[in-house]
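Coordinates in review
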Amino acid sequence: MHIEPGVVDGAKIALSYATAAGGFAMAGKLARDDVRNNGGVAPLVLRSLIATALVFSFFEVFPHHPVGVSEVHLILGSTLLLLFGAGAASIGLAAGLLIQGLFFAPFDLPQYGMNVTTLLVPLWGISLLAKRIVPDATPYVDLKYSQALALSTTYQGGIVAWVAFWAFYGHGFTAETMTEVASFGAAYMTVIIVEPLADLAVLAVAKALRRQSQGPLFNVRLHQGA
């Protein structure tokens, strides 16, 4: 989901600062909710550090390929939300992306506002969706495949939608841009297929290792209802 340099430039890039500010405001609300409902400040900090390290490894270690106007990554946003909570997941996504840009991909820094928006807004969306489709009494380790698929598909669909927005905003509705966006969306189908399976595999491990996956390092909702 890293927007390629030059897709949006000049004065147009100012919009990404505004959308990023909105994304950070959403992340702040999710973090505040986590402090209130998920163990307090210290556990949020610990979970955020773990999420940041994981996000950085997702970007740097997992395979990623440029396709059209962006890159195809396995981000596992819904997995981060389920394991660590929406607040820690949003902090981890924003911080992991920033660390990668500062130390390994400085050419991505001008696109940071676009990229962080593309990650955070869909995460906020699936945090709302989880409240609607997962009954309060259901711990996340008992999610059904259909529920994991809905969360993952919504998150990845949000990423594709934001990438398409930035491409059309930067280059207009040209035939070339449409082709590049379509090729990116088609390539992302592989992520949509893999991520819910990854969610369920991770949740199965957490359920089997219940004793080790409880405590301040994990989302309270992982093993108990709301």
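In case you missed it, the structure is sitting above this.
Everything quoted here is computed from the prediction, not taken from an experiment.

**Considerations on the pattern of salt bridges**
Taken as a whole, this structure holds 4 salt bridges when the rule is applied. The residue Lys29 makes a salt bridge to Asp33 at a minimum N-O spacing of 2.9 Å. Of the two residues, Lys29 and Asp33 are both situated in helix α1 (residues 14-37); the distance of 4 residues between them amounts to about one turn of the helix. Given the relative accessible area of 15%, Asp33 is considered buried. Across the salt bridge formed by Arg47 and Asp34, the nearest N and O atoms sit 3.9 Å from each other. On the criterion of sequence distance, the pair formed by Arg47 in helix α2 (residues 41-60) and Asp34 in helix α1 is long-range, its members being 13 residues apart. Taken as a pair, Arg47 and Asp34 share a single burial class, namely buried. Members of the salt-bridge network, linked through shared partners, are Lys29, Asp33 and Arg36.

**Concerning the packing of helix α3 (residues 77-84) against helix α7 (residues 175-208)**
The N-to-C vectors of α3 and α7 enclose an angle of 25 degrees; their axes lie 9 Å apart at closest approach. Taken together, α3 and α7 sit at an angle that is classed as roughly parallel. With respect to the hand of their crossing, α3 and α7 are arranged in right-handed fashion. Every residue of α7 that contacts α3 at Gly77, Ser78, Thr79, Leu82 and Leu83 is listed here: Glu195, Asp199, Val202 and Leu203. Residues belonging to the contact of α3 with α7 are distributed by class as follows: 4 nonpolar, 3 polar and 2 charged.

**Things to note about the nonpolar core**
If you look at the biggest cluster of nonpolar residues, it comprises 62 residues, and the most contacted ones within it are Ile75, Leu93, Leu119 and Tyr188. Broken down by secondary-structure element, the contributors of at least two residues to this core are α1, α2, α3, α4 (86-103), α5 (112-133), α6 (145-171) and α7. Discounting chain neighbours no more than four positions away, the residues touching Tyr188 are Met1, Glu71, Val72, His73, Ile75, Gln156, Ile159 and Val160.

**Brief notes about the packing of aromatic side chains**
Scanning the model with the defined rule gives 10 aromatic pairs in all. For the pair Trp166 and Tyr169, a centre-to-centre distance of 6.2 Å together with 70 degrees between the ring planes defines the contact as edge-to-face. Taken together, the positions of Trp166 and Tyr169, both in helix α6 and 3 residues apart, correspond to about one turn of that helix. What makes Tyr169 partly exposed here is its relative accessible area of 24%. Each residue in the set Trp162, Phe165, Trp166 and Tyr169 is aromatic and connected to the rest through ring pairs, giving one cluster. Over the aromatic face of Tyr169 sits the side chain of Lys12, whose NZ or CZ is 5.4 Å from the ring centroid.

Calculation notes
- Residues numbered from 1 in each chain as written.
- Predicted model: local features only at pLDDT ≥ 70, side-chain atom pairs only at ≥ 80, totals over all residues.
- Heavy atoms only, no water.
- Salt bridge = Lys/Arg side-chain N within 4 Å of Asp/Glu carboxyl O.
- Helix = DSSP H or I, 4+ residues; strand = E, 2+ residues; numbered from the N terminus.
- Buried < 20%, exposed > 50% of the residue type's maximum accessible area, 1.4 Å probe, protein only.
- Axes fitted to C-alpha atoms, helices over the stretch in contact; angles between N-to-C directions.
- Parallel < 35°, antiparallel > 145°, perpendicular 65-115°, else oblique.
- Left-handed = near helix turned anticlockwise from the far one by under 90°.
- Contact = heavy atoms within 4.5 Å.
- Nonpolar A, V, L, I, M, F, W, Y, C, P; charged D, E, K, R; others polar.
- Core = buried A, V, L, I, M, F, W, Y, C linked by side-chain atoms within 4.5 Å.
- Phe/Tyr/Trp six-rings, centres within 6.5 Å; stacked < 30°, edge-to-face > 60°.
- Lys NZ or Arg CZ within 6 Å of the ring centre and 35° of its normal.

Shape is all these values report; function is a separate question.
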